[in-house]
Structure formats: structure tokens, C-alpha cells
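# Structure at a glance
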Amino acid sequence: MLEVHQFFMQQAIQLAREAAEDGEIPVGAVAVLDNRIIGRGRNRTELLHDPTAHAEMEAITAAANNLENKRLEDVTLYVTLEPCPMCAGALVLARVRQVIYAVEDSKTGACGSIYRLHDDPHLNHQFVVRSGVMKDESTFLLDEFFKKLRNKEKLD
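Residues numbered from 1 in each chain as written. Predicted model: local features only at pLDDT ≥ 70, side-chain atom pairs only at ≥ 80, totals over all residues. Heavy atoms only, no water.

Attention now goes to the packing of aromatic side chains. All told, the structure shown has three aromatic pairs when counted by the stated rule. Consider the rings of Phe7 and Phe8, whose centres lie 5.1 Å apart with planes at 75°: the pair is edge-to-face. Overall, Phe7 belongs to the partly exposed group, its relative accessible area being 46%. By relative accessible area, which is 4% here, Phe8 ends up buried. (Phe/Tyr/Trp six-rings, centres within 6.5 Å; stacked < 30°, edge-to-face > 60°. Buried < 20%, exposed > 50% of the residue type's maximum accessible area, 1.4 Å probe, protein only.)

Okay, the environment of Val103 next. Residue position: Val103 is located in strand β4 (residues 98–103). A relative accessible area of 10% means that Val103 is categorised as buried. For the pair Val103 and Leu142, spaced 39 residues apart in sequence, the C-alpha separation works out to 9.4 Å. Ignoring anything within four residues of it in the chain, the contact list for Val103 reads Thr80, Leu81, Glu82, Lys135, Ser138, Thr139 and Leu142. (Helix = DSSP H or I, 4+ residues; strand = E, 2+ residues; numbered from the N terminus. Contact = heavy atoms within 4.5 Å.)

This part covers the side chain of Asn43. By secondary structure assignment, the location of Asn43 is in the loop between β2 (36–42) and α2 (45–48). A residue is classified by how much of its surface remains accessible, and Asn43, at 9% relative accessible area, is buried. Reaching out from Asn43, the side chain makes a polar contact with the backbone nitrogen of Ala55 at a distance of 3.0 Å. Contacts of Asn43, omitting those with residues within four sequence positions, involve Ala19, Glu24, Ile25, Val27, Ala53, His54 and Ala55. (Polar contact = N/O pair within 3.5 Å; in protein donor to acceptor, adjacent residues only side chain to side chain.)

With the rule as written, the count across this model stands at five salt bridges. For Glu58, the salt bridge identified is with Arg44, shortest N-O distance 2.7 Å. With Glu58 in helix α3 (residues 55–67) and Arg44 in the loop between β2 and α2, this residue pair connects regions lying 14 residues apart in the sequence. Arg44 gets classed as partly exposed once you look at its relative accessible area, which sits at 24%. Between Lys147 and Glu144 there is a salt bridge, with the nearest N and O atoms lying 3.2 Å from each other. Here Glu144 and Lys147 lie together in helix α5 (residues 135–155), a separation of three residues that amounts to about one turn. Overall, Lys147 belongs to the partly exposed group, its relative accessible area being 41%. For Glu144, a relative accessible area of 25% gives the class partly exposed. Through salt bridges with shared partners, one network takes in Glu18, Asp22 and Arg42. (Salt bridge = Lys/Arg side-chain N within 4 Å of Asp/Glu carboxyl O.)

It is worth spelling out the sheet that holds strand β5 (residues 128–131) at this point. As summarised here, the arrangement of the five strands in space is β2-β1-β3-β4-β5, forming an open sheet in which the pairing is mixed. If you trace the sheet from one side to the other, it starts and ends with β2 and β5, each paired once. If you compare each strand with its neighbour and ignore which way they point, the axes differ by 20° on average. Judged from the four bridges that link them, β4 and β5 form a sheet pairing that is parallel. Note on β5: the bridge partner recorded for Val99 is Val129. (Pairing = 2+ DSSP bridges. Axes fitted to C-alpha atoms, helices over the stretch in contact; angles between N-to-C directions.)

Pasting the structure below:
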């Protein structure tokens, strides 16, 4: 099963690389149903001037459009960074089955690090979370992105 998780996380990492090439925080996500990608997303907040244009939101929207259904009950979302509260809320509303992420977000993580929206009993849906799949690769992308950003800011 780990090989399957790594395969799909690799797809999300490729999307994160594409986001970084466009000057976006390198986060990518893929929505998977029956071992098939049904939605892809990457951060586009800068490009679209939209604070909601997170990788998870794009992948959720693409998957829902693909299925022609707002309910993603059997879908697993692979994402390179732990979802924030907005994205975790959308995942609850979409009723995904599980989220597998690479890196914990110690500032805004809402699937275990700071908040636990994925298993909050007050909400109408809970989903399974697994973390750490291909953590090193995703951490490297994030670290390199922010290192380049800091160096650019010093030059400006």
C-alpha cells in the first residue's frame, strides 16, 4: 500500500514543483478514486489574486466536476502540505474518505498539527488522516522555495 501512496504523492509533488516555477508556494494535490486521479490542483493564489486558490480547493473542485457530484465520499486526497482550516473545512463538506499529506504545517495545519477539523465530533463528517508520506521531498521543495524568497527579498 505504501507504494500506491508514494505514487500518488509523487503526482502531487510534481504539481507542487509547477507551482514553485510560477512563484507560488509549492503545494500540490491530487484527488484519487479507485486508484485513478480524478482531480488535480496546485497553489495559484498569486497568479489568480485569490486567497482561496489553494491546491486542495482546486483538486476538490476538479474531482467534484469530474464526478458531477459534490460528495466525494470514496475519494482520497494526497497533498504535499497539511491542509489549512479553509481546506480542511472544504474536505469535511465534500465528505472525503481520507487525506494523506506529506508535511505538517506548524502554523496553520488543521488536520492534526494545530487544529483537528478532520475528526471534530461537532462537524457532520470526519475523515481519516495519514501524514509523513514522502515528507523529505516535500520539505525540501518548501525549504528551497522560502530560501530563494528570502534571498530575493534581501536583494530588493
